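# Commentary on secondary and tertiary structure
What follows is each chain in one-letter form.
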Amino acid sequence: MSATVSFKVASAQGEQSVTLSYTRRGSGEPLLLLHGIGHHRQAWEPVIPALAAERDVIAVDLPGCGDSPALPDGMAHDLPTMSTVLEALFGALDIERPHVAGNSLGGLLALDLARARLVRSVTALSPAGFWNEAERRYAFTVLSTMRQIARRLPPPVVERLARPALGRTLLTSTIYARPARRSPEAVVAETLALANAQGFSETLRSGRTVRFTDDIVGTPVTVAWGSRDRLLIPRQGVRAKGVIPRARLVRLPGCGHVPMNDDPALVARVVLDGSR
């Protein structure tokens, strides 16, 4: 069952009210799951049953994504603001220093929270921020194209395309190595989520100058990369290991940019091992 939580966040305009949508399952130490740009919390559904057997799992829609509204006027959809919002979310949900797992943008946010010593551990799956300029431009061009296509396709067309495996491949092969494994309903939902993501354009613009260049000390970090990631190419994982030497670098064979659907058992094991 989904739920919403509203809380106050400090901003340059004073305290602002932010509302986020989330689901919560399981018991144990808290584990927050953060999705990528233009995606939604349902990206984690393939791994949640395994994670919830050992963790109090909270999958959240980031501001302006999924069922969460965009941030109030005057609050930017950028890395510092998003991290401030997530820190306030911890208090609203009464979770102190959770484990965090994030994919893509979510991985970058998780690492930023670890840099501020706000979390117990981080598992970052193909995190953003370890690109060179050419790789960033390529990724942003692909993301912008995906967004344009999603916005131009009428929902009935998306539904028809998502029924056969070939159609699901056409819609999602950029982010999944095994797109046929994704259900038609899930492909429709995430295509509509990309089309309707209110925070997409501002988040993408704010990422043009983002590079993660700081070591993380005192917090266990796992960086995992799909061997078939077509959006953020796997050599960026080696770069991340160079920036964070103590990090555990894990290869995800046969997985794409969003690996939770490609190999749920492997990803769940990597997340659980990283949050011991």
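Overview of the structure. (Residues numbered from 1 in each chain as written. Predicted model: local features only at pLDDT ≥ 70, side-chain atom pairs only at ≥ 80, totals over all residues. Heavy atoms only, no water.)

Below, the discussion takes up the pairing of strand β7 (residues 221-226). With six of six residues buried, β7 lies mostly within the body of the structure. Both faces of β7 are covered, namely the face carrying V221, V223 and W225 and the face carrying T222, A224 and G226. (Buried < 20%, exposed > 50% of the residue type's maximum accessible area, 1.4 Å probe, protein only. Helix = DSSP H or I, 4+ residues; strand = E, 2+ residues; numbered from the N terminus.)

Turning our eyes to something else, we now look at the packing of helix α5 (residues 155-162) against helix α6 (residues 165-172). It is the contact of α5 with α6, at a shortest axis distance of 6 Å, that shows an interaxial angle of 120°. Relative to α6, the element α5 is oriented oblique. Of α6, the residues touching α5 (which contributes V158, L161 and A162) are G167, R168 and L171. Classifying every residue of the contact of α5 with α6 gives four nonpolar, one polar and one charged. (Axes fitted to C-alpha atoms, helices over the stretch in contact; angles between N-to-C directions. Parallel < 35°, antiparallel > 145°, perpendicular 65-115°, else oblique. Contact = heavy atoms within 4.5 Å. Nonpolar A, V, L, I, M, F, W, Y, C, P; charged D, E, K, R; others polar.)

With that settled, consider the nonpolar core. Among the nonpolar cores identified, the biggest contains 85 residues, and L32, L33, L51, L89 and L111 are the most heavily contacted of them. Ranked by residue count, the leading element in this core is helix α3 (residues 105-115), at seven residues. Once residues lying within four places of it in the same chain are set aside, the contact partners of L51 are L31, L33, V57, A268, V271 and L272. V158, A162, L171 and V187 belong to the second largest nonpolar core, which has five residues in total. (Core = buried A, V, L, I, M, F, W, Y, C linked by side-chain atoms within 4.5 Å.)

Approximately 380 Å³ is the volume attributed to the largest pocket. Residue lining of the largest pocket: 22 residues in total, with M146, L171, T172, I175 and L194 positioned closest to the centre. Residue assignment for the lining of the largest pocket shows that the elements contributing at least two residues are α4 (133-152), α6 and α7 (184-196). With five residues, α4 is the single largest residue contributor to the lining of the largest pocket. A class-by-class count of the residues in the lining of the largest pocket yields 11 nonpolar, 10 polar and one charged. (1 Å grid on protein atoms, 1.4 Å probe; cavity = no way out; pocket = protein on both sides within 12 Å on 5 of 7 lines; lining within 4 Å. Points joined across faces, edges and corners; volume = space filled by probe spheres on them.)

With that settled, consider the side chain of D61. With respect to the helices, strands and loops of the structure, D61 is situated in the loop between β4 (55-60) and α2 (79-92). You can call D61 buried: its relative accessible area is 0%. Side chain to side chain, D61 and R41 meet in a polar contact 2.4 Å long. Reaching out from D61, the side chain makes a polar contact with the backbone nitrogen of D67 at a distance of 2.9 Å. For D61, the contacting residues outside a window of four places in its chain are L20, S21, H35, H40, R41, Q42, G66, D67 and S68. (Polar contact = N/O pair within 3.5 Å; in protein donor to acceptor, adjacent residues only side chain to side chain.)

This part is about unusual backbone geometry. Here the phi dihedral of D94 falls at roughly 60°; this positive angle occurs in a residue that is not glycine. As for its position among the elements, D94 is in the loop between α2 and β5 (99-103). Under the relative-accessibility criterion, D94 is labelled exposed at 69%.

Taken as a whole, this structure holds 15 salt bridges when the rule is applied. Taking the shortest distance from any N to any O, the salt bridge between E133 and R137 comes out at 3.6 Å. In this pair, E133 and R137 are both assigned in helix α4, four residues apart and thus about one turn of the helix distant. R182 is the salt-bridge partner of E190, the closest N and O atoms lying 3.5 Å from each other. As far as the burial class goes, E190 and R182 line up, both buried. Counted as one network, the salt bridges with shared partners bring together E133, R136, R137 and R211. (Salt bridge = Lys/Arg side-chain N within 4 Å of Asp/Glu carboxyl O.)

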